[in-house]
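What follows is each chain in one-letter form.
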Amino acid sequence: MRIERTMRAVRRSAFTLMEMLAVVAIIVVLAGVGGVVYMRYVDDAKIDSARAQSKMLAEQAKMFNLRNQRYPESLQELMTPPDGGKSYLEDSSYLLDPWQQPYQYQAIGTHNLTGAPEVWSNGPPGENRQIGSWER
């Protein structure tokens, strides 16, 4: 009798296949929900990054204007160092938005009253949305 109880206790000390499958199913569901939420935050972060980078590029175009009395014709012109000075942008990766598309540039803007230069991204692929330096 005692041997039979000991054998039953030894046999029951491990998890059953159904218990293991239930745990794996719960983990899969939690990972799926977490992945969707995480991707939404990543997309929002890319939009915020594009907005901040476009503002930074517009400010660099204004700095170019202060030194040269004209706005640059293109953003690539910010990469060339002025005589004896440092270039306005140190890396050409600043000219690409978070979706690896080039930023658009207009020397005399239309979205603000001052005519300041405007820089914008066309946003995520498939969306027809401008994310520009004129946004707050």
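Up top you'll find the structure we're talking about.
Attention here is on the structure that accompanies the text. (Residues numbered from 1 in each chain as written. Predicted model: local features only at pLDDT ≥ 70, side-chain atom pairs only at ≥ 80, totals over all residues. Heavy atoms only, no water.)

## Brief notes about the environment of glycine 84
Here comes step 1: Its place among the elements puts glycine 84 in the loop between helix 2 (17-68) and strand 1 (104-106).
Here comes step 2: A relative accessible area of 88% means that glycine 84 is categorised as exposed.
Here comes step 3: In this structure the C-alpha to C-alpha distance between glycine 84 and aspartate 43, which are 41 residues apart in sequence, comes to 40 Å. (Helix = DSSP H or I, 4+ residues; strand = E, 2+ residues; numbered from the N terminus. Buried < 20%, exposed > 50% of the residue type's maximum accessible area, 1.4 Å probe, protein only.)

## As for the pattern of salt bridges
Here comes step 1: Summed over all chains, the structure comprises 5 salt bridges.
Here comes step 2: With a shortest N-O distance of 2.7 Å, glutamate 135 and arginine 51 are connected by a salt bridge. Taken together, the residues glutamate 135 in the segment after strand 3 (131-132) and arginine 51 in helix 2 connect sequence positions 84 residues apart.
Here comes step 3: On the basis of relative accessible area, glutamate 135 is assigned to the buried category, the value being 19%. (Salt bridge = Lys/Arg side-chain N within 4 Å of Asp/Glu carboxyl O.)

## Observations regarding helix 2
Here comes step 1: Given a rise of 1.5 Å per residue, 52 residues ought to cover 76 Å, and the 74 Å separating the end C-alpha atoms of helix 2 matches this to within 8%.
Here comes step 2: Within helix 2, the full set of buried residues consists of Ile47, Ala50, Arg51, Ser54, Leu57, Ala58, Ala61 and Phe64.
Here comes step 3: Among the structural elements, strand 1, strand 2 (118-121) and strand 3 are those in contact with the buried residues of helix 2.
Here comes step 4: At the exit of helix 2 stands glutamine 69, carrying a positive phi of roughly 60°. (Expected span 1.5 Å × (residues − 1). Contact = heavy atoms within 4.5 Å.)

## Considerations on the side chain of glutamate 77
Here comes step 1: Looking at where glutamate 77 falls in the secondary structure, it is placed in the loop between helix 2 and strand 1.
Here comes step 2: Residue class for glutamate 77 comes out buried when judged on its relative accessible area of 17%.
Here comes step 3: A polar contact is formed between the side chain of glutamate 77 and the side chain of arginine 70, at a distance of 2.4 Å.
Here comes step 4: Side-chain polar atoms of glutamate 77 contact the backbone nitrogen of glutamate 73, separated by 2.8 Å.
Here comes step 5: In contact with glutamate 77, other than residues within four places in its own chain, are Phe64, Arg70 and Pro72. (Polar contact = N/O pair within 3.5 Å; in protein donor to acceptor, adjacent residues only side chain to side chain.)

## Remarks on the environment of leucine 78
Here comes step 1: Relative to the elements of secondary structure, leucine 78 occurs in the loop between helix 2 and strand 1.
Here comes step 2: Relative accessible area serves as the criterion here: at 0%, leucine 78 is assigned to the buried category.
Here comes step 3: Sequence spacing of leucine 78 and phenylalanine 64 is 14 residues, and the spatial spacing of their C-alpha atoms is 7.5 Å.
Here comes step 4: In this view, leucine 78 contacts Leu57, Gln60, Ala61, Phe64, Pro72, Ser87, Tyr88 and Leu89; residues no more than four positions away in its chain are not counted.

## Remarks on the pairing of strand 2
Here comes step 1: Neither face of strand 2 is open: one carries Glu118 and Trp120, the other Val119 and Ser121, and all of them are buried.
Here comes step 2: With 3 bridges joining them, strand 1 and strand 2 adopt antiparallel strand pairing. Bridging from a neighbouring strand, tyrosine 105 pairs with valine 119 of strand 2. (Pairing = 2+ DSSP bridges.)

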